Amino acid sequence: MTTKGTPGRVVRIDDETWAAYGELCAAEGTSRADDLRRHAHARVTAWRKQQARQGAIKRRLDSLQDSDD
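Before going into details, it helps to say that this report is about the structure given with it.

### Some points on the overall build of the protein chain
Okay, step 1: Check the secondary structure of the protein chain and you find two helices and zero strands.
Okay, step 2: Relative to a compact globule of 69 residues, whose C-alpha radius of gyration would be 11 Å, the protein chain shows 20 Å and is clearly more extended.
Okay, step 3: Each principal axis of the C-alpha distribution contributes one length, and for the protein chain these read about 60 × 25 × 20 Å.
Okay, step 4: Taking all 69 residues of the protein chain together, the buried fraction comes to 9%.
Okay, step 5: Accessible area for the protein chain stands at about 6,400 Å²; split by element, carbon and sulfur atoms hold 55% of it.

### Some points on the environment of Ala40
Okay, step 1: Tracing the backbone shows Ala40 in helix H2 (residues 32–68).
Okay, step 2: Under the relative-accessibility criterion, Ala40 is labelled partly exposed at 40%.

### Concerning the packing of aromatic side chains
For any pair of aromatic rings, the description rests on two quantities: the centre-to-centre distance and the angle between the ring planes.
Okay, step 1: Within the structure shown, the criterion is met by one aromatic pair.
Okay, step 2: For the pair Trp18 and Tyr21, a centre-to-centre distance of 6.0 Å together with 55 degrees between the ring planes defines the contact as tilted. Pair noted here: Trp18 and Tyr21 are both in helix H1 (residues 15–27), with a separation of three residues, about one helical turn.
Okay, step 3: The buried category is assigned to Tyr21, whose relative accessible area is 18%.

### Topic: the pattern of salt bridges
Okay, step 1: A full pass over the atoms with the stated rule returns three salt bridges.
Okay, step 2: Here Asp35 makes a salt bridge to Arg38, at a shortest N to O gap of 3.3 Å. Pair noted here: Asp35 and Arg38 are both in helix H2, with a separation of three residues, about one helical turn.
Okay, step 3: Taking relative accessible area as the criterion, Arg38 reaches 45% and is therefore assigned partly exposed.
Okay, step 4: Lys58 is paired through a salt bridge with Asp62; the nearest N and O atoms lie 2.9 Å apart. Placement of the pair is Lys58 and Asp62 together in helix H2, with a separation of four residues, close to one helical turn.

### Regarding the environment of Val10
Okay, step 1: The topology assignment puts Val10 in the segment before H1.
Okay, step 2: Overall, Val10 belongs to the exposed group, its relative accessible area being 76%.
Okay, step 3: Expressed as a C-alpha distance, the spacing of Val10 and Arg43, which sit 33 residues apart in the sequence, is 19 Å.

Here is what the cut-offs are and how they apply
Residues numbered from 1 in each chain as written. Predicted model: local features only at pLDDT ≥ 70, side-chain atom pairs only at ≥ 80, totals over all residues. Heavy atoms only, no water. Helix = DSSP H or I, 4+ residues; strand = E, 2+ residues; numbered from the N terminus. Rg over C-alpha atoms; globule rule 2.2 N^0.38 Å. Buried < 20%, exposed > 50% of the residue type's maximum accessible area, 1.4 Å probe, protein only. Areas by Shrake-Rupley, 256 points an atom, 1.4 Å probe, with all protein chains shown as cover. Phe/Tyr/Trp six-rings, centres within 6.5 Å; stacked < 30°, edge-to-face > 60°. Salt bridge = Lys/Arg side-chain N within 4 Å of Asp/Glu carboxyl O.

As structure tokens, then:
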């Protein structure tokens, strides 16, 4: 458990990439952890929107099929 109450995660990344990623994040004024959290959050948000769109399309198609019966 981390000090902020969220569980830690293990991510396997080679040392060279991890070091360069640390430099990149520092240059952008963020931490690797914050950058990874933002990336994961953005991906999940986009995925959920896509899932909702697909659900809406399916519901619309189902309602059109029901009205044809």
